[in-house]
Each structure stands twice: as C-alpha cells, then as structure tokens.
Amino acid sequence: MEASQTAVNGAASATASQLLVDRSHRETIGQQFVENPRMTCRNVDVYYGDKRAINNVTLDIGSNEVIAMIGPSGCGKSTFLRCLNRMNDYIDICRVEGEIRLDGQNIYSGEVDVVPLRAMIGMVFQKPNPFPKSIYDNIAYGPKIHGLVATKSETDEVVETSLKKAGLWEEVKDRLDQPGTGLSGGQQQRLCIARTIAVNPEVILMDEPCSALDPIATSVIEDLIDELREQYTIAIVTHSMQQASRVSQRTAYFHLGDLIEVGTTDQIFTRPGHQLTEDYITGRFG
Amino acid sequence: MTTAKHIVRSYDEELDTLHQTIVAMGRLANTQIGEALRALNTADTALARKVVDRDEEMNALHQTADQQVLGMLAKRQPLASDLRVIVASQKIASELERIADYAANIAGHAVRVADSVKDLPLQHVASMVRDALQMLSDCMQVYDRNNAAAIGPIWQQDENINAAFAELIEELSRQMTADAGASQDHTAMLFIGRSCERIGDHIKNMAEHLHYMSTGESFFTRECT
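Below or above, wherever it landed, is the structure these notes cover. As the structure is a prediction and not an experimental result, all values here were calculated from the model.

**Some remarks on the overall build of chain B**
Counting secondary structure elements, chain B contains six helices and one strand. Shown N-terminal to C-terminal, the secondary structure of chain B runs as helices and strands in the order α-α-α-α-α-α-β. Projected onto its principal axes, the C-alpha positions of chain B cover 65 × 50 × 20 Å. Relative to its 225 residues, chain B shows a buried fraction of 54%. Considering only contacts within chain B whose residues lie at least 6 apart along the sequence, 83% involve residues at least 24 apart. Surface exposure of chain B reaches about 10300 Å², of which carbon and sulfur atoms provide 50%.

What follows is the structure, given as structure tokens:
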C-alpha cells in the first residue's frame, strides 16, 4: 500500500467503546433504509390497549434480503414482525399506527383484503403447524383457495415445485398421501415453508422457525433460507445470534419496543454502534 | 462503558485469563529483547544462552494462549468487542512469539561475536532495541487499557528502527570493505540488525491488531480519490 494512499487512523481514533452511542439514546441508528425496498415501514407504533409495545419504528426491508430481528424477550420484535402481514388484526386490543407498505401499497389501507395479503406476505411460525391433512393437501390447500390452480395437473405441479423449493421433495415424494403431522419436526417446518411458498409470496416472515428443531434440522432450514433469498424477501425473528449472523444480510436490534440499531450483519456482530446492542450481543448486564 | 460484566461470570474469568497470558508474553518479550542486547553489549555468553533457552517459555505461553482462544471461540461464540479482543489477542500472541524468536536469534549471534564485540558498530543496534522496547511497552499499555488513541505514534516509531538499520548496513558495508577478514562478525551483526528490524515490524503489526481490537476498524483507510 503506497503511503500517499493511506492514512493512519490511529493517532486520532478513540476506542470503539468510547464511540458507542450511549444507552439512554433511543432513536434508531444505522442503516434503516435500503435502495431497493420491498417493504417500507414508517413511524410504526403498536399498542396493546394503552400500552405501547412498539415505538416509532422506521425500517425498510430490501428485496431479496434476509433481515434478522433480534433482541431480548418482550422487546417487540415478534410484535413488529406480525404487523408486516397484519397478523395482529386478530388481537382485539392491538392497534397499529404509522405506515407499512408492500411494493408501495399501504397494507393497512381499507381497500386491502388481508387474505391475499397474507398469501403475498407468508408466515412461518416457531412451532411447525401442518394441517391435519396429507402432505399433498397441506401444500395444495392454499393454491386452491386462492384460485391459483384449476386442474389436478396444475395442483400436482405446484405441490412438487413447492416441496422441491423447500428441499423436502426427495424425502416425501413417495408418501404424499400420508399425514403431514407424521413427519419429523424439521420436515414439518419445511412442509410449512413449502405451504407458504405454494401461494407465490413476495415476502416470507419467520418467527423463530428453528427454535423447536435440533441442530441438523436447523442447518437444513438455514440452508433453505439462503436458497429462498434468491426469490423471496425474508424477515426472521430469532433468539439465536449465531443464526442471525449465519442467515441474514442485515440485522435489526430491538430493545423495549424501540428499534435501537440496524446495520449489515457483519457490522452489527463485529462492531455495533450502540451500547445497548453491544451489551445484548456480548451477553453483558446493561 | 463496555466494562459491564458478562451475565456468565466464567466468561469474564476466561477473558481475564487470556489477558493475563498476553500480558505475561509481553513482559517476557521485553525481558528477552533487553537481555539479548545486554548479552551482546557485555559479551556475556552465559546470559545470551539463558535468553536462547528461555525462548521455550515463550513458546509454551503461545500454546497456552492458543488453547485459551480456541476454547473461547468454541464455547462462547464471542461477538462484537469480545470477538475483537479474542481474535486480536491470538494475533498479538503470534507476534510476541516471533519477537521472542528474534530476541533469541540476537542472543545466539551475541555468543558468536562475543570475542570481537568491541570492534563492532553496536550503537545502531542499541538505538533499534531502545525504540523497540519503547514501542513494545506502549503496545502492552494499549492492550491493558484497550485504548487505540495512542497507537499512531507507536506505528510511526518503527520508522526510527528502519532508519537505524539502514545506517547499520551502511556502516557494516564500510567496515567489510576495509577489513574483509572480519566478515563473519559483520555478517553476524547484519543478522542482529535484521532481527531488530523484524522485531520492530512485529510490534508495528501488534499496534495494528490493537487498533482493530479497540475500534473494530482496520488501521488503514484508503483515501477516496
């Protein structure tokens, strides 16, 4: 490296700990915005009755990215995730304010039908929840009710394609008529992912999708997430920081309902900018 | 602010143990360099051999540091400042081990030139060692306090060592031309000078690792043009 092209940081630099934003600062720092957002969330507040669970969250979710949402229990990361496809509509006392858009359209607009919305923004839950039906019917059900298939052969094709995308086809192709609930935990979760894929989503939300799985099944799902990113946008809530660091390109840290910091996953896990992020990911008392 | 304790107390204990190992390696490196120079200056072959033998202690400490680092990487999956401290400590341990190797080299050559030391240009080596010891001491203070602010001067001080080495080479060239019969001693002095110069380079590397440890950023930034 030529001397003229370099500058020594050392003389003027302070330590990372000195540069960290103070714990009392609660406005989001980092990269909230992206150049190619699939979803945009602006000033989102979520209330459960009088209690505010999410405070003024502004965040973009980029096309074909995996964004991980991390934070301690009760920080609001799952609440926020559930806002992204209006799953909180089921909770009577829950109220969402602010704006959440998918490809520019406000998903909380009165014109939006939540049924097709939840097909476009699918969700995979912590515990695998296959329907008490055959493996085939678990996949075929969604495309049928959404009118995406008209014939048996079309349905067959969707079932096969979805199971292949979820990496499950080879394991179940000879027993499609058997109950989905008879599969192992990891297979059931991949079945649920296949079920989500079958209705052509734009975005897949995952709420701790591997927390009930063993390390091998977890690795399979993580590998799948990596493949799915080529076609879909994925937002994942996880308590495993190792998982967040393995599967995501950006990471968002939530704390007591505030979005504290967003950054590239590399940056967040090697040199976070906020003291609260540093405390959490290093396992320190704040 | 990062002085907050880990929730898992044994993690803090393991980090502290690694810290103590690196500090011990730093102290030993300091002793080895200083005693190698003293052995050279005073033609003390017994002291020189002691320095050579003591290199094993440094190798053992290096192995210990490696084991401590590997243990924490495997068990703790460190992140952020912890990750930087652990990775930087491993790299610093390697630099210190190499520094001690060069100190042992100097001591080995000191034994060879002991009979003719009064005729050799020792002042340049003394100057290099003085700078190296200062740089090493400053680095170990930075490691102890995790404060990158003091690193720039350490890094730049290596230029003094390089300049003194260049002067030594010039002086040796003159002496070799004038007295070809002493070429073995002069060659030994060249190796001693080279060892001092390499010690400076390794301490400079330490400063770079310390900068990363403290800030999470590379020591260098490429100026945008």
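We are not done yet, so read on.
**What to know about helix H8 (residues 215–228) of chain A**
All names here are of chain A. Taking 1.5 Å per residue, 14 residues should reach 20 Å; H8 reaches 20 Å between its end C-alpha atoms and fits that length. Within the sequence span of H8, burial applies to Ala-217, Thr-218, Ile-221, Glu-222, Leu-224, Ile-225 and Leu-228. Mapping the buried residues of H8 onto a view down its axis gives an arc of 160°, with all of them on the same face. Opposite the buried face of H8, by more than 90 degrees, sit the exposed residues Pro-215 and Ile-216. Contacts from the buried residues of H8 go to strand E5 (66–70), helix H5 (152–165), helix H7 (185–197), strand E9 (203–207), strand E10 (233–237) and helix H9 (241–247). Where H8 starts, the residue carrying a side-chain oxygen 3.0 Å from the main-chain nitrogen of Ile-216 turns out to be Asp-214.

**Regarding unusual backbone geometry**
Residue and element names in this part refer to chain A. Located in the positive-phi region is Asn-43, a residue other than glycine, with phi close to 50°. Summarising the element assignment, Asn-43 is placed in strand E3 (residues 37–48). Among the residues examined, Asn-43 registers a relative accessible area of 41% and is labelled partly exposed.

**Looking at the pattern of salt bridges**
Close approach of charged atoms lets side chains of opposite charge pair. Inspection of every chain in the model, using the stated rule, returns 25 salt bridges over all chains. The partner of Arg-101 of chain A in a salt bridge is Glu-99 of chain A, and the shortest N-O contact between them spans 3.0 Å. For Glu-99 of chain A, a relative accessible area of 29% gives the class partly exposed. One salt bridge connects Arg-38 of chain B with Glu-35 of chain B, and the closest N-O pair in it is separated by 3.8 Å. Here Arg-38 of chain B and its partner Glu-35 of chain B are both found in helix H1 (residues 9–42), three residues apart, which amounts to about one turn of the helix. Classification of Glu-35 of chain B by relative accessible area gives buried; the value is 16%. Put simply, Arg-38, Asp-103 and Glu-202 of chain A are held in one network by salt bridges that share partners.

**So, the layout of surface pockets**
Leftover empty space is mapped by rolling, across the atoms, a probe with the size of a water molecule. All names here are of chain A. By volume, the second largest pocket is sized at about 500 Å³. Looking at the lining of the second largest pocket, the elements with two or more residues in it are helix H3 (114–120), strand E8 (121–124), helix H4 (135–145) and H7. In terms of residues, the lining of the second largest pocket owes the most to one element, H3, which gives four residues. Here the lining of the second largest pocket is composed, by residue class, of twelve nonpolar, six polar and two charged.

**Points about the nonpolar core**
Of all hydrophobic cores here, the largest spans 66 residues; its most connected members are Ile-22, Leu-96 and Val-125 of chain B. Within the residue set of this core, elements represented by two or more residues are H1, helix H2 (45–76), helix H3 (80–112), helix H4 (122–145), helix H5 (151–178) and helix H6 (183–215) of chain B. The residues contacting Val-125 of chain B, other than those within four sequence positions of it, are Leu-37, Leu-40, Leu-168, Met-189, Ile-192 and Cys-196 of chain B. In terms of nonpolar packing, the next biggest core, distinct from the first, is built from 44 residues, Val-172, Leu-183, Leu-228 and Ile-281 of chain A among them.

**Considerations on the packing of H4 of chain A against H7 of chain A**
All names here are of chain A. Contact geometry of H4 with H7 gives a least axis separation of 7 Å together with a crossing angle of 30°. When the axes of H4 and H7 are compared, the pair comes out roughly parallel. The element H4 and its partner H7 pack so that their crossing is right-handed. Listed contacts from H7 to Ile-135, Asn-138 and Ile-139 of H4 are Leu-191, Ala-194 and Arg-195. In terms of residue class, the contact of H4 with H7 is built from four nonpolar, one polar and one charged.

**Let's talk about the packing of aromatic side chains**
The tally for this structure, following the rule as stated, stands at three aromatic pairs over all chains. Between Phe-80 of chain A and Phe-254 of chain A the ring centres are 5.6 Å apart and the planes differ by 40°, which places this aromatic pair in the tilted class. Of this pair, Phe-80 of chain A sits in helix H2 (residues 77–83) while Phe-254 of chain A sits in strand E11 (residues 250–255), placing them 174 residues apart in sequence. With a centroid separation of 5.4 Å and an interplanar angle of 70°, the aromatic rings of Phe-131 of chain A and Tyr-141 of chain A are classed as edge-to-face. Within this pair, whereas Phe-131 of chain A is found in the loop between E8 and H4, its partner Tyr-141 of chain A is found in helix H4, the two being separated by ten residues in sequence. Accessibility expressed as a relative area gives 26% for Phe-131 of chain A, which makes it partly exposed. Classification of Tyr-141 of chain A by relative accessible area gives partly exposed; the value is 39%. Across the ring face of Trp-155 of chain B, the terminal group of Lys-204 of chain B is positioned such that the distance to the ring centre comes to 5.0 Å.

**Comments concerning the sheet that holds strand E2 (residues 29–30) of chain A**
Residues and elements named next belong to chain A. Here we have seven strands laid out as an open sheet, ordered E2-E12-E11-E5-E10-E9-E8, and mixed in their pairing. With partners counted over all chains shown, the strands left at the sheet margins are E2 and E8, one partner each. Packing of H7 onto the sheet brings it into contact with E8 and E9, and relative to E8 it is tilted by some 170°. Strands E5, E9 and E10 of the sheet are contacted by H8, whose axis makes an angle of about 150° with E10.

**Remarks on the packing of H1 of chain B against H4 of chain B**
All names here are of chain B. In contact at an axis separation of 10 Å, H1 and H4 are set at 170° when each is read in the N-to-C sense. As far as their axial angle goes, H4 and H1 are roughly antiparallel. Here Leu-18, His-19, Ile-22, Val-23, Gly-26, Ala-29, Asn-30, Ile-33, Gly-34, Leu-37, Leu-40 and Asn-41 of H1 lie close against H4, whose contacting residues are Leu-122, Val-125, Ala-126, Val-129, Leu-133, Leu-136, Met-140, Tyr-143 and Asp-144. Looking at the contact of H1 with H4, its residues break down into 15 nonpolar, five polar and one charged.

Calculation notes
- Residues numbered from 1 in each chain as written.
- Chains lettered and ligands numbered in written order.
- Predicted model: local features only at pLDDT ≥ 70, side-chain atom pairs only at ≥ 80, totals over all residues.
- Heavy atoms only, no water.
- Helix = DSSP H or I, 4+ residues; strand = E, 2+ residues; numbered from the N terminus.
- Buried < 20%, exposed > 50% of the residue type's maximum accessible area, 1.4 Å probe, protein only.
- Contact = heavy atoms within 4.5 Å.
- Areas by Shrake-Rupley, 256 points an atom, 1.4 Å probe, with all protein chains shown as cover.
- Expected span 1.5 Å × (residues − 1).
- Arc of directions from axis to C-beta.
- Polar contact = N/O pair within 3.5 Å; in protein donor to acceptor, adjacent residues only side chain to side chain.
- Salt bridge = Lys/Arg side-chain N within 4 Å of Asp/Glu carboxyl O.
- 1 Å grid on protein atoms, 1.4 Å probe; cavity = no way out; pocket = protein on both sides within 12 Å on 5 of 7 lines; lining within 4 Å.
- Points joined across faces, edges and corners; volume = space filled by probe spheres on them.
- Nonpolar A, V, L, I, M, F, W, Y, C, P; charged D, E, K, R; others polar.
- Core = buried A, V, L, I, M, F, W, Y, C linked by side-chain atoms within 4.5 Å.
- Axes fitted to C-alpha atoms, helices over the stretch in contact; angles between N-to-C directions.
- Parallel < 35°, antiparallel > 145°, perpendicular 65-115°, else oblique.
- Left-handed = near helix turned anticlockwise from the far one by under 90°.
- Phe/Tyr/Trp six-rings, centres within 6.5 Å; stacked < 30°, edge-to-face > 60°.
- Lys NZ or Arg CZ within 6 Å of the ring centre and 35° of its normal.
- Pairing = 2+ DSSP bridges.

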